[in-house]
Amino acid sequence: MNTSENKKTIVLFNPMPVKHQVAIHNKKTTSLQVPLINVPLSLLAIARMVSDDFDVKIINAVVDSDYKEKILELCENALCLGVSSMTCYQIRDGINVSASVKEMCPELPVIWGGYHPSTEPIQTLENPNIDIVIRGQGELSFREVVERLDTNQSLTGVEGVSYKEGGQVVTNHDRNFTDLNEFPPIPYDMVDMEKHIKGYKFGKRCIDYYISQGCAAACNFCSEPLFCGRRWSALNAETAVNELEHLSRTYNIDTFMIRDSDFFLNVKKVKELCSLLVEKDLGIRMTSVNGRMEQLSRMDDDVWALVREAGVREIFIGTESGSQEALDAMNKGAKVPQIEVCTRKCVEHDIDVRSSFMVGIPGVDLKKEIKSTLNEIHKMISVYGEQDRLEHMDILLSFFTPYPHTKLYDAGVENGMLPLNTLEEWGDFDQFDFKAPWYPQEYYDLVLEFRGGMPWNSGCEFDEWCEFYKGIENKLEKL
Ligand code: B12
Ligand code: SF4
C-alpha cells in the first residue's frame, strides 16, 4: 500500500466525443439536443476503486483546455494512463494522446476501457500505443490491474482483461457482472463540478447521474448486449435517494440527467425509488430517463403518475423506426403502435418526450422504411402540436451507424458496407450522418431536409410544419 506521501499518480482521460464542438440548439426550448458537457462518470466509477491508494488525476477533454499538455505533464511520473472510449471521435482523440504519451514515456502502460475497446479488444490492442484493454464493467478489473502494475506483476488471470505479452494478445476470461451496490459512491468531488454543471430545459444546474448499469434487451444494432451480456444491476432505492439528496445539496443541483440504459426494467424498483423520492420531497427533477417503449406502453397509469410525482420530467425512448420490418430487423422487441401509446402516456402525465429514430437499416425496404418512419415522427409531432406543446418534445433522427460485432454491422457488410479493420478507421468514421452504400443520394438528402425542417431544428410552428411535411411526402412519392 502507498502512504499519502508516496502515492503514485494515475492519469485518467475522457477524450472529445466529437471532432468539433457541435451544440445543436433546440429552437423550441433552451436545451441542447446533444449535451456534450457530461460528468465523466466512466472515469469516476473506476477512480473510486483506487483513489485511497493512488493520486488519481482526471482530465476531461470537453471541459479541460490544453488537455494534451496537461496529460503529458502528469504522465511524466505516473503509474499508468487510462483512456475511456465509445465508438466515435473519442477513439481518434484517444489514439493521438496515447501516441504522444508513449513517445514521451514508452514504458508507461496505456490502458483503454469503455464500450469501444470492450467490444473490439483485439483490434484496439493492435494499436502500438495501447497495452491493456479492460472489457465491460471496469471497477474490479481496473483495481486489480493497477495493483499488479504497482507491484510489477504480470496480468495473468486478471478477469475481464486483454493485454499484450511478447507481441501476442492475451485474452483473459470475462469477469462476472458485479452488483452496483458493492461499489463505493461515485466521487463527484474528484472533478471540478462547477465545470460540469449544465443548463437543461428544466433547470439551470443539471448534472449526470446513473442508478443502473446494463440492459437486458438484445437489439441488433446496439453495443450494450455485447458489453454487459444482457445483465443489469441497479442501486438500492435508499442509496440512490441519499446520493441524489447529497449531490443536490452539495452542488445546488436542480436537475439530474439520468444516464441509465434501461431505467424502467424493474418496475418494483422504479416504484421503490420513486416512492422514496416523493417521501423525501427533494424538489429535484430527472431528465432523459431512458425507457423501452415495449415496457413503457404496458406500464400502469399509477406508476406513470408516481414517476411524474417523483420528479421525472422527461423520458428518453428509443423509438427507432416507424417500420415494423426495421424494428424486427433490429430485434427491438417492440411494435409500431407502441410509439403512439407511449407518446400519449407522456402527454397525459405531463412528461416531456425525447426520442430517437434512425433510418437505413441494412436489408430493409428503404422507401417503405423512410415513409413509415417520417410518418410516425409526424404523428408524434401532431400529438404535441395539436395541444400547442411542441416545446415539450424532441426527436433525434439519425442514419443507421454500425457498431463493432453487432448483427447489423454484419448485415451492413453483407449489403456492401466496407468493413472497419483498424482502430484508426473506427476513429475516423463519420458517426453523425453515415451514408450507407445502399442509401441512394436522393433519399439521403430528403431525410436531411425533413430533419432540418422539424420544429426544434427549424423553429417552425405546427401549421407550418404540417405544410412542410406534406411537401416531403409528395417528394418521397415521386422518388
Ligand atoms: C453519457 C453518454 C454520452 C455522452 C458522453 C459521455 C462521455 N464519455 O463523454 C454524450 C452525450 C456526448 C454521448 C455521445 C454519444 N454516445 Co453515448 N452514452 C452515454 C451514456 C448514456 C452514459 C455513459 C456513462 O457515463 N455511463 C456510466 C459509466 C459508469 O459506465 P461506462 O461508461 O460504461 O463505464 C464503465 C465501463 O465502460 C468501464 N470503463 C469506461 N471507461 C473506462 C476507461 C478505463 C481506463 C477503464 C479501465 C474502464 C472504463 O468502466 C466503467 C465502470 O464500470 C451511455 C449509455 C450507458 N448507460 O452507459 C451512452 C453510450 C456510451 N453512447 C453511445 C453512443 C453510440 C454515443 C454516440 C457515438 C452516438 C452517436 N452516433 O451520436 C455519441 C458520440 C458522439 C456524438 N455523435 O455525439 C453508446 C456506445 C456504443 C459504442 N459502441 O461505443 C452507448 C452505450 C449508448 C447505447 N446503448 O448505444 N454519449
Ligand atoms: S434497449 Fe437500448 S440499450 Fe438496450 S439493447 Fe436495445 S438499444 Fe441497446
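Residues numbered from 1 in each chain as written. Chains lettered and ligands numbered in written order. Predicted model: local features only at pLDDT ≥ 70, side-chain atom pairs only at ≥ 80, totals over all residues.

A. The arrangement of the packing of helix α15 (residues 366-385) against helix α20 (residues 462-478) in detail. The geometry of α15 relative to α20 is characterised by a closest axis approach of 11 Å and an angle of 170° between their N-to-C directions. Between α15 and α20, the interaxial angle falls into the category roughly antiparallel. Facing α15, whose interface residues are I370, K371, L374, H378, I381 and G385, α20 presents F462, W465, Y469, I472 and L476. A breakdown of the residues in the contact of α15 with α20 according to their chemical character gives 8 nonpolar, 2 polar and 1 charged. (Axes fitted to C-alpha atoms, helices over the stretch in contact; angles between N-to-C directions. Helix = DSSP H or I, 4+ residues; strand = E, 2+ residues; numbered from the N terminus. Parallel < 35°, antiparallel > 145°, perpendicular 65-115°, else oblique. Contact = placed C-beta atoms within 7 Å. Nonpolar A, V, L, I, M, F, W, Y, C, P; charged D, E, K, R; others polar.)

B. Main features of the site of ligand 1. Within the structure, ligand 1 sits among 38 residues, and G82, S84, G113, Y115 and G138 are positioned closest to it. At the level of elements, α1 (41-47), β3 (78-84), β4 (110-113), α4 (115-119) and α6 (139-150) are the ones that each hand at least two residues to the shell around ligand 1. Looking at which element gives the most residues to the shell around ligand 1, the answer is α1, with 4 residues. Partitioned by chemical class, the residues of the shell around ligand 1 number 18 nonpolar, 16 polar and 4 charged. Each of domain 1 (9-164) and domain 2 (196-478) contributes no fewer than three residues to the shell around ligand 1. (Near = placed C-beta within 6 Å. Domains from an automatic or database assignment.)

C. Just the packing of helix α9 (residues 237-251) against helix α10 (residues 267-280), in detail. One can describe the packing of α9 onto α10 by two numbers: an axis separation of 9 Å at closest approach and a directional angle of 40°. One finds that α9 runs oblique with respect to α10. The way α9 lies across α10 gives a crossing that is right-handed. Every residue of α10 that contacts α9 at A237, E238, A240, V241 and E245 is listed here: K269, E272, L273, L276, L277 and K280. Of the residues that constitute the contact of α9 with α10, the class distribution is 6 nonpolar, no polar and 5 charged. (Left-handed = near helix turned anticlockwise from the far one by under 90°.)

Worth remembering: the numbers are spatial, not functional.
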